[in-house]
Amino acid sequence: SDVMAGAGRRKEDAQRLHDELKQKFGYMGTVDHKTVGAEDLFRIWRAARSPNDYRFGLQAMNLFYNFGVKLKHREIASRLLCAAMVCKVETEAVELIKL
């Protein structure tokens, strides 16, 4: 019965969250800048557990940049570093610290 209880609660995964965020941007990247922001990025980073997941987080950040969505949050750099460490992307983490 424990297996069945866990089956109903689907763990958030970075790829699904990235895909959902991408859908908010529509075909031409038109998005209401008030409906997307740092919290969407943080949600992906919290779910990230692998180098591939980390890549989804970077792709989401790039999406914001490409479509002019401002990411003004005082914790962005430290949360990105944390995601890099959790995802075992040590060289990326070291490069972030060097900045």
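Since we're looking at a predicted model, the values are computed, not measured.

A.B. asks: An account of helix α4 (residues 51-66) is needed here, citing residue identities and associated values.
C.D. replies: Between its first and last C-alpha, α4 extends 22 Å over 16 residues, near the 22 Å set by a 1.5 Å rise per residue. For α4, the complete set of buried residues consists of Asp53, Tyr54, Phe56, Gly57, Ala60, Leu63 and Phe64. The elements touched by buried residues of α4 are α2 (14-24), α3 (38-47), α5 (76-86) and α6 (90-98). Two residues or fewer past α4, Gly68 is found with a positive phi of approximately 70°.

A.B. asks: Before we move on, can you summarise the state of the cysteines with the specific residues and values?
C.D. replies: In this structure the tally under the stated criterion is 0 disulfides. Take Cys82: it sits in no disulfide, and the sulfur closest to it among the cysteines is that of Cys87, at 9.0 Å. Using a relative accessible area of 41% as the deciding quantity, one classes Cys82 as partly exposed.

A.B. asks: Give a description of the packing of α3 against α4 that names residues and reports values.
C.D. replies: It is at 8 Å that the axes of α3 and α4 come closest, and there the two elements cross at 170°. With respect to α4, the axis of α3 lies roughly antiparallel. For the pair formed by α3 and α4, the contact residues are Asp40, Leu41, Ile44, Trp45 and Ala47 on the first element and Asp53, Phe56, Gly57, Ala60, Met61 and Phe64 on the second. Along the lines of polarity and charge, the residues of the contact of α3 with α4 split into 8 nonpolar, 1 polar and 2 charged.

Calculation notes
- Residues numbered from 1 in each chain as written.
- Predicted model: local features only at pLDDT ≥ 70, side-chain atom pairs only at ≥ 80, totals over all residues.
- Heavy atoms only, no water.
- Helix = DSSP H or I, 4+ residues; strand = E, 2+ residues; numbered from the N terminus.
- Expected span 1.5 Å × (residues − 1).
- Buried < 20%, exposed > 50% of the residue type's maximum accessible area, 1.4 Å probe, protein only.
- Contact = heavy atoms within 4.5 Å.
- Disulfide = S-S within 2.5 Å.
- Axes fitted to C-alpha atoms, helices over the stretch in contact; angles between N-to-C directions.
- Parallel < 35°, antiparallel > 145°, perpendicular 65-115°, else oblique.
- Nonpolar A, V, L, I, M, F, W, Y, C, P; charged D, E, K, R; others polar.

In short, shape yes, function no, at least from these values alone.
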